[in-house]
Structure formats: C-alpha cells, structure tokens
Amino acid sequence: HFANAMAIGTGAVCEVSRSRLHRIATTEPVIQLAMLRWCGAELSRTQRLAQSMATRSAAARLGSFLADLADYFEHQGYSGTRFTLPMLRTDIGRHLGLAVGTVSRVIQRRRSDGVVDINRKDVHIIDRARLAALTDPGAAEGLDDAAALLSATTSPALSCAPAAHASHRQASIRATANGHRHP
C-alpha cells in the first residue's frame, strides 16, 4: 500500500508489521485500548467530515476547518490565533469538498467581517468566538484525545524514532502488512 501524507507539525513515524502489531496489542492492553480509541476517533472524524460536506455551507465547513487547526496548534503548544496554513487553498478545497474559488471567497468574506486575517498562508484569527458562532455547534470537536493517548503510550515493545520537523513537506508513508514492505 502506498499513500502520500502532509505533515502539519513535528511527529514520529513507526513502521510495524501487522503481525507484530497484533502480538503487541494482545500482550499490552494499554496499546490495544489506545489503538481502539484512535480508530474510533478517526472513524468519527471521517463521518463528521462526510456529513459536513453533505449538509453544511461552505462558510461553516471552512470555519470549522480553521477552528480545528487553531485547536490543533494550541494542543501542540503553539498559538491558536496566529499560525501558518499547512495546506494550499486547492488542498483545503479538496479536503472540504469545495472549489478553490469558493475557499478564496469565504476567506475574503471572513476577512471583511473582521473574524480572520489571512494573508497567503499566514492566519490570524481575530475573533475566535465569532468564528465558532459562524460554524455549526459541535462541528469543531477536538480529535487529539485518542492520538495524544497513543503518542503518550510508552512501551518497550513499540518504540518510535522521532521524525524531523516535516511541516509543509510531502511525506511518503509505506504501510506494512504481515511484515512485508509494499513500495
């Protein structure tokens, strides 16, 4: 399996075969629970995104996206009101199911409203409360709880080497199945 991913912050990548992961999960309940929580959070996030694309306005989708980014950066110890967009507008549009022109128009509208100031990739959220009010209630739930639990879980059976800061760079991730690497 091959996939492309874009890192939006510092992280670590672990390559573990499916059989080894199964052994670890069966012998270490903390790892098993963390994986279950992470999978549940990821499924929930994917369902919310699909529902959002089907039912919410472009402004609400983009507002939730910005609020989620602000929460993410704040959780990482950075500013939740001033940050750099980790994606191009075309990628944001693809992620939210919007045309790039729609993304640009909504950003311009929020800039005119005095809610955000976005200059190229530099974001300044001026009024976070108004940004939240412009999105649907509950749309910007934090997703980092399970991921934080998984990353905070230490086990000698599962160790990760820290990855270099990869912000704004494309990273290739190879999935490993049954101990075999697939190019």
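This text follows the structure it describes.
What you are looking at is a predicted structure, and each value in this text was computed from that prediction instead of being measured.

**What about the packing of helix H3 (residues 58–75) against helix H5 (residues 100–112)?**
It is the contact of H3 with H5, at a shortest axis distance of 10 Å, that shows an interaxial angle of 75 degrees. With respect to H5, the axis of H3 lies roughly perpendicular. From H3, Ala58, Ala59 and Leu62 reach across to H5, where they touch Thr102, Val103, Val106, Ile107, Arg109 and Arg110. Partitioned by chemical class, the residues of the contact of H3 with H5 number six nonpolar, one polar and two charged.

**Things to note about helix H4 (residues 89–96)**
When we look at burial in H4, the residues that qualify are Ile92, Gly93 and Leu96. Projected down its long axis, H4 shows its buried positions confined to an angular sector of 100 degrees, all on one face. Contacts from the buried residues of H4 go to helix H2 (29–55), H3 and H5. Downstream of H4 by a residue or two, Gly97 has a phi angle that is positive, lying close to 75 degrees.

**Side note on the packing of aromatic side chains**
Note on aromatic pairs: each is described by the distance of the centres and the angle between the planes. Per the counting criterion, the structure on display carries two aromatic pairs. Here the aromatic rings of Tyr72 and Phe73 are separated by 5.4 Å at their centres, their planes lie at 70 degrees, and the arrangement is edge-to-face. Take Tyr72 and Phe73: they sit in the same class, and that class is buried. A connected cluster of aromatic rings, assembled from ring pairs, spans Tyr72, Phe73 and Phe83.

**Some points on the environment of Asp91**
When you line up the elements, Asp91 lands in helix H4. Polar contacts involving the side chain of Asp91 include one to the side chain of Arg94, which spans 2.8 Å.

**Remarks on the sheet that holds strand E4 (residues 116–119)**
Taken in spatial order, the three strands make up an open sheet running E3-E5-E4, and their pairing is antiparallel. The two strands at the open ends of the sheet, each matched to only one other strand, are strand E3 (82–84) and E4. Sheet twist, expressed as the average angle between the axes of neighbouring strands with direction ignored, equals 15 degrees. Both E3 and strand E5 (residues 122–125) contribute to a ladder of three bridges, which runs antiparallel.

About the thresholds
Residues numbered from 1 in each chain as written. Predicted model: local features only at pLDDT ≥ 70, side-chain atom pairs only at ≥ 80, totals over all residues. Heavy atoms only, no water. Axes fitted to C-alpha atoms, helices over the stretch in contact; angles between N-to-C directions. Helix = DSSP H or I, 4+ residues; strand = E, 2+ residues; numbered from the N terminus. Parallel < 35°, antiparallel > 145°, perpendicular 65-115°, else oblique. Contact = heavy atoms within 4.5 Å. Nonpolar A, V, L, I, M, F, W, Y, C, P; charged D, E, K, R; others polar. Buried < 20%, exposed > 50% of the residue type's maximum accessible area, 1.4 Å probe, protein only. Arc of directions from axis to C-beta. Phe/Tyr/Trp six-rings, centres within 6.5 Å; stacked < 30°, edge-to-face > 60°. Polar contact = N/O pair within 3.5 Å; in protein donor to acceptor, adjacent residues only side chain to side chain. Pairing = 2+ DSSP bridges.

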